[in-house]
Amino acid sequence: MHELSLAQAVWEEADRVRREHGGDRVVTIRVGVGDLSGVEPDLLQSAFDLLAETGRAGAACLELERIPLEARCEACRAEFSVERFQFVCPGCGASRLSVLRGEHLILLHVTLERAGGEP
Amino acid sequence: MSARTVSVGRDVLAERRAAAERFRAAHARRGTLVVQLISSPGAGKTALLEATARHWESSRRLGVLVGDLETDRDRERLARHMPAVQITTGGACHLELPLVERALPGLGGRAFEFLFIEDVGNLVCPAAHDVGQHLRALLLSVTEGDDKPGKYPKAFRSSEVLVVTKLDLLPFVPFSLEAAAADARRIRPDLEVLSVNALAGAGIAAWCAYLDRRRQEILGGV
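Remember, it's a predicted structure, so these values are computed and weren't measured experimentally. (Residues numbered from 1 in each chain as written. Chains lettered and ligands numbered in written order. Predicted model: local features only at pLDDT ≥ 70, side-chain atom pairs only at ≥ 80, totals over all residues. Heavy atoms only, no water.)

1. A look at the overall build of chain A
- Check the secondary structure of chain A and you find two helices and six strands.
- In chain A, the succession of α and β elements from N to C terminus is α-β-α-β-β-β-β-β.
- The globule rule puts the C-alpha radius of gyration for 119 residues at 14 Å, and the 18 Å found for chain A is more than 25% above it.
- By principal-axis analysis of the C-alpha atoms, chain A measures approximately 55 × 35 × 15 Å.
- Of the contacts made within chain A by residues no fewer than 6 positions apart, 68% connect residues no fewer than 24 positions apart.
- Carbon and sulfur atoms form 47% of the exposed surface of chain A, whose accessible area is close to 5,700 Å².
- Across chain A, the mean location of the 13 positive side-chain charges is 5 Å away from that of the 20 negative side-chain charges. (Helix = DSSP H or I, 4+ residues; strand = E, 2+ residues; numbered from the N terminus. Rg over C-alpha atoms; globule rule 2.2 N^0.38 Å. Contact = heavy atoms within 4.5 Å. Areas by Shrake-Rupley, 256 points an atom, 1.4 Å probe, with all protein chains shown as cover. Lys, Arg positive; Asp, Glu negative; His and termini not counted. Charge placed at Lys NZ, Arg CZ, Asp CG, Glu CD.)

This is the structure:
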């Protein structure tokens, strides 16, 4: 259960975006969870909610979406989603693949609020 | 009151990854290869390091940071062979770079050829954290079963070498080296697979030769 540490990282990144854009409050944080990120979405959600409840993540809401694992075959250049973590090209059977997405935890967007006027 | 949505599209761990990159570069400049060992509890990480030190005797400068939830039992074992510092996580299931950086001065600032980071026994969480390693080695003991790679894709995908341990127990358990290697290579086709019996020293020379070779390749012969 390492999701508490990751929830902390999510909050720090979102708060950095808030500072960069001069917002007063982070309202919503949308995060993409890659299938191969090593992150369990439900646990990340509970961990974040715990941070928020204890005042360590402002009053922000976390929304999660899944990022499927996708790769490109270096032999035939086909792009496809990797099923059940089998790193083999379904077209030509080659195993030299580049992962295109789905390996990381991605901060997608942050909704900011500013008291009075445009941020 | 007004609200607006900012698109970001950034890896949440980008900052941590950048810090790990700096750590790697600093150690590469000193000629130190940082090797992280991950496995489930009791797969033989500490035994492998003991055997590694015995094999090399004192011909390589070795240091180790060892993570556990509690106790300094592993440090006691390893300190007979090399400078060793225990990182007690107090319940956390994996090491992170700040813990590593905090513990490092305890090794006395020596320039090692190999700095080992023995992570907390766990095949899940350590796989998602960059602790500044150049090389991640995954240990799987034969008693755990040859069906494990497919169950822990992140750990196997992110490791460069699989070390199958406790080879002496092979006659007593239904474990196929070929099946384990094939399952792991479906997740990581270029995975190196070694096997050892650390207590008797079997396979340790090949493991040590692998470490020497990877150090040359990664650090460029410093």
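From this point, the narrative continues.
2. Points about the pairing of strand β6 (residues 135-141) of chain B
All names here are of chain B.
- Of all seven residues in β6, seven are buried, a share of seventy percent or more.
- Residues L135, A137, L139 and S141 point to one face of β6 and R136, L138 and L140 to the other, with burial holding for every one of them.
- Alignment of strand β2 (residues 33-38) against β6, held across four bridges, turns out to be parallel. The residue bridging I38 from the neighbouring strand is L138, located in β6. (Buried < 20%, exposed > 50% of the residue type's maximum accessible area, 1.4 Å probe, protein only. Pairing = 2+ DSSP bridges.)

3. Focus on the pairing of strand β4 (residues 84-88) of chain B
Residue and element names in this part refer to chain B.
- The buried count for β4 comes to four of five residues, which makes it a mostly enclosed element.
- Bridging between strand β3 (residues 62-68) and β4 involves five bridges; their strand directions are parallel. By the bridge assignment, V66 is partnered in β4 with Q86.
- Crossover connection from β3 via helix α3 (residues 73-79) to parallel β4: handedness right-handed. (Right-handed = clockwise from strand over helix to strand, strands pointing away.)

4. Remarks on the packing of aromatic side chains
- Taken as a whole, this structure holds three aromatic pairs over all chains when the rule is applied.
- With a centroid separation of 6.2 Å and an interplanar angle of 15°, the aromatic rings of F114 of chain B and F116 of chain B are classed as stacked. Residue F114 of chain B shares its accessibility class with F116 of chain B, and that shared class is buried.
- Residue placement shows R157 of chain B over the ring face of F87 of chain A; its charged tip is 3.8 Å from the ring centre.
- Lying across the ring of F114 of chain B, R215 of chain B places its NZ or CZ 6.0 Å from the centre. (Phe/Tyr/Trp six-rings, centres within 6.5 Å; stacked < 30°, edge-to-face > 60°. Lys NZ or Arg CZ within 6 Å of the ring centre and 35° of its normal.)

5. Observations regarding helix α2 (residues 45-56) of chain B
All names here are of chain B.
- Here α2 contains 12 residues, and its C-alpha end-to-end distance of 17 Å stays within 8% of the 16 Å for a straight helix at 1.5 Å per residue.
- Burial of α2 is extensive: 10 of the 12 residues sit out of reach of the surface.
- Along α2, the positions that sit buried rather than exposed are K45, T46, A47, L48, L49, E50, A51, T52, A53 and W56.
- Positioned one or two residues after α2, E57 has a phi angle of 50°, which is positive. (Expected span 1.5 Å × (residues − 1).)

6. Examining the sheet that holds β3 of chain B
Residue and element names in this part refer to chain B.
- Sheet architecture is open: seven strands sit in the order β4-β3-β5-β2-β6-β7-β8, paired in parallel fashion. The two strands at the open ends of the sheet, each matched to only one other strand, are β4 and β8 (192-195). The sheet shows a mean angle of 20° between the axes of neighbouring strands, direction not considered.
- In the sheet, strand β7 (residues 161-165) pairs with β8 via four bridges, with the strands oriented parallel. Bridge pairing in β8 links L162 to V193. (Axes fitted to C-alpha atoms, helices over the stretch in contact; angles between N-to-C directions.)

7. A short note on the pattern of salt bridges
- As enumerated under the stated definition, the model contains 28 salt bridges over all chains in all.
- R19 of chain A is paired through a salt bridge with D15 of chain A; the nearest N and O atoms lie 3.2 Å apart. Placement of the pair is R19 of chain A and D15 of chain A together in helix α1 (residues 3-21), with a separation of four residues, close to one helical turn.
- Its salt-bridge partner being R101 of chain A, residue E70 of chain A comes within 3.4 Å of it at the nearest N-O pair. Here the residue E70 of chain A occupies a position in strand β3 (residues 70-73), and R101 of chain A occupies one in strand β5 (residues 97-101), the gap between them amounting to 31 residues.
- Residue R101 of chain A is classed as partly exposed on the basis of its relative accessible area of 39%.
- Three or more residues are tied together by salt bridges with common partners; here these are E160, E192, R213, R214 and E217 of chain B. (Salt bridge = Lys/Arg side-chain N within 4 Å of Asp/Glu carboxyl O.)

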